[in-house]
Amino acid sequence: MATTDHGVTSPTRARIDARTLRQDRWWLSPLTTFVVFSAFVVYATVRAFMGRDYYATPYLSPFYSPCLGDCVEGASDFGQPFAWWPLSAALIILIFPLGFRMTCYYYRKAYYRAFWLSPPACGVAEPHGSYSGETRFPLILQNVHRWFWYAAVLVGLVLTFDTVLAFRPMPAEYAVGDGETSGIHMGLGTLLMIANITFIWLYTLSCHSCRHLVGGRLRHFSKHPVRYRLWTWASRLNESHGKWAWYSLFSVAIVDLYVFLLATGTIQDVRFF
Ligand code: FES
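Residues numbered from 1 in each chain as written. Predicted model: local features only at pLDDT ≥ 70, side-chain atom pairs only at ≥ 80, totals over all residues. Heavy atoms only, no water.

1. Side note on the UniProt feature "transmembrane region" (unreviewed entry) in the protein chain
Move 1: Within the UniProt annotation, "transmembrane region" (unreviewed entry) is assigned to residues 26–46, 82–100, 147–167, 187–205 and 244–267.
Move 2: Secondary structure across residues 82–100 comprises 53% helix and 0% strand; the distance between its end C-alpha atoms is 22 Å.
Move 3: In residues 244–267, helix accounts for 83% and strand for 0%; the two terminal C-alpha atoms are 29 Å from one another. (UniProt positions renumbered as here; feature names shortened; annotations may be inferred. Helix = DSSP H or I, 4+ residues; strand = E, 2+ residues; numbered from the N terminus.)

2. Some points on helix α1 (residues 28–50)
Move 1: The end-to-end C-alpha separation of α1 is 33 Å, in line with the 33 Å expected for 23 residues at 1.5 Å each.
Move 2: Along α1, the positions that sit buried rather than exposed are P30, T33, F37, F40, A44, R47 and A48.
Move 3: Residues of α1 that are buried in the fold lie against α2 (90–93), α3 (95–102), α4 (105–116) and α9 (241–263).
Move 4: Positive backbone phi, approximately 70 degrees, marks G51, located one or two places after α1. (Expected span 1.5 Å × (residues − 1). Buried < 20%, exposed > 50% of the residue type's maximum accessible area, 1.4 Å probe, protein only. Contact = heavy atoms within 4.5 Å.)

3. Here we look at the nonpolar core
Most often, soluble globular proteins keep nonpolar side chains buried together rather than apart.
Move 1: By size, the foremost hydrophobic cluster in this structure holds 43 residues, and its most contacted members are Y54, Y64 and Y107.
Move 2: Counting only elements with at least two residues in this core, the list comes to α1, α2, α4, α5 (145–165), α6 (188–205) and α9.
Move 3: Ignoring any residue separated from it by four or fewer positions in sequence, one finds Y107 in contact with F37, R101, Y112, Y203, A245, W246 and L249.
Move 4: M193, V255, V259 and L262 belong to the second largest nonpolar core, which has eight residues in total. (Core = buried A, V, L, I, M, F, W, Y, C linked by side-chain atoms within 4.5 Å.)

4. Topic: the state of the cysteines
Move 1: Evaluated as defined, the whole model comprises one disulfide.
Move 2: What pairs with C67 in a disulfide is C71, and their sulfur atoms sit 2.2 Å apart. As the torsion about the S-S bond is roughly -95 degrees, the C67-C71 disulfide counts as left-handed. (Disulfide = S-S within 2.5 Å.)

5. Some remarks on unusual backbone geometry
Move 1: Here the bond from T57 into P58 is cis, since omega is 0 degrees, no more than 30 degrees from zero.
Move 2: Take P58: it is sitting in the loop between β1 (55–56) and β2 (59–60).
Move 3: Omega for the peptide link from S118 to P119 comes to -10 degrees, which places this bond in the cis form.
Move 4: If you check the backbone angles, L117 has positive phi at about 55 degrees while not being a glycine.
Move 5: Take L117: it is sitting in the loop between α4 and α5.
Move 6: Phi at R217 is positive, roughly 60 degrees, even though this residue is not glycine.
Move 7: Tracing the chain through its elements places R217 in the loop between α7 (208–215) and α8 (225–238).

6. Topic: the packing of α3 against α5
The relative placement of two packed helices is expressed as an angle between their axes plus a distance between the axes.
Move 1: Viewed as axis vectors pointing N to C, α3 and α5 meet at an angle of 135 degrees, and their least axial separation amounts to 8 Å. With respect to α5, the axis of α3 lies oblique. Considering how the two elements wind past one another, α3 and α5 form a crossing that is left-handed. For the pair α3 and α5, the contacting residues are I95, F96, P97, G99 and F100 in the first and H145, F148, W149, A151, A152 and V155 in the second.
Move 2: The residue makeup of the contact of α3 with α5, split by class, is nine nonpolar, two polar and no charged. (Axes fitted to C-alpha atoms, helices over the stretch in contact; angles between N-to-C directions. Parallel < 35°, antiparallel > 145°, perpendicular 65-115°, else oblique. Left-handed = near helix turned anticlockwise from the far one by under 90°. Nonpolar A, V, L, I, M, F, W, Y, C, P; charged D, E, K, R; others polar.)

Structure below.
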């Protein structure tokens with residue numbers, strides 16, 4: 001309920017002058033979130049606007065997938081319907097994974113605490129004098145999360161396809177050893193993409209909206225054994241949703257950085273076969 005007379009300043013609460021009585025290092029978690037999340041936002045923004053060095057055969061950066069703009073040769077497996085787009089191709093699709101994460105229930109908790117101090121931690125008074133929760137614009141828009149989930153599933157499928165393509169045979173100019181190209185490619189980039197798509201799916205399928213989608217609005221689980229089973233799996237994954245949120249955030253950045261280093265010629269791909 002929206003109110004301006006609430007929380008620790010409410011007349012119904014005990015008068016305690018200290019902002020918190022906690023003795024532990026409660027500030028460590030929001031501070032870590034602030035630093036890591038800020039670093040990711042800066043990195044992702046720079047890379048998204050860069051508009052180059054996002055493809056190194058056969059790897060495509062997840063920031064640019066699917067590559068629907070005027071992309072470099074080999075990067076567009078779904079055509080280039082936005083070839084007219086004058087800016088970076090990443091800006092065409094990044095709204096979907098970005099919107100999914102920004103409206104995520106776990107990230108909301110994390111960045112409300114780290115950036116808005118609302119509140120900074122359990123048992124620590126927030127500095128704000130009023131509180132309207134997510135009942136008003138713009139935070140009421142957080143409710144679109146379930147729709148971003150559908151988009152995130154599509155993006156996950158595309159990234160899965162990219163990971164399969166990371167196994168494809170390399171052109172002759174990339175041959176290793178005696179000059180022969182093997183029938184299948186496996187490099188460090190392939191392994192990084194496998195790890196990334198694994199974390200992406202764990203994050204997507206452990207989503208609270210996914211859990212509600214498969215198991216919500218039912219009166220009797222006994223009459224819906226399949227949905228009950230799916231709900232059980234989603235619930236089990238959901239217990240570690242915060243962990244998957246961070247792991248997948250790191251993995252997309254690591255894959256992008258690896259592709260960037262390859263594309264700029266800074267490093268060579270570690271090829272296994
Ligand atoms: Fe985190 Fe849906 S709640 S992705």
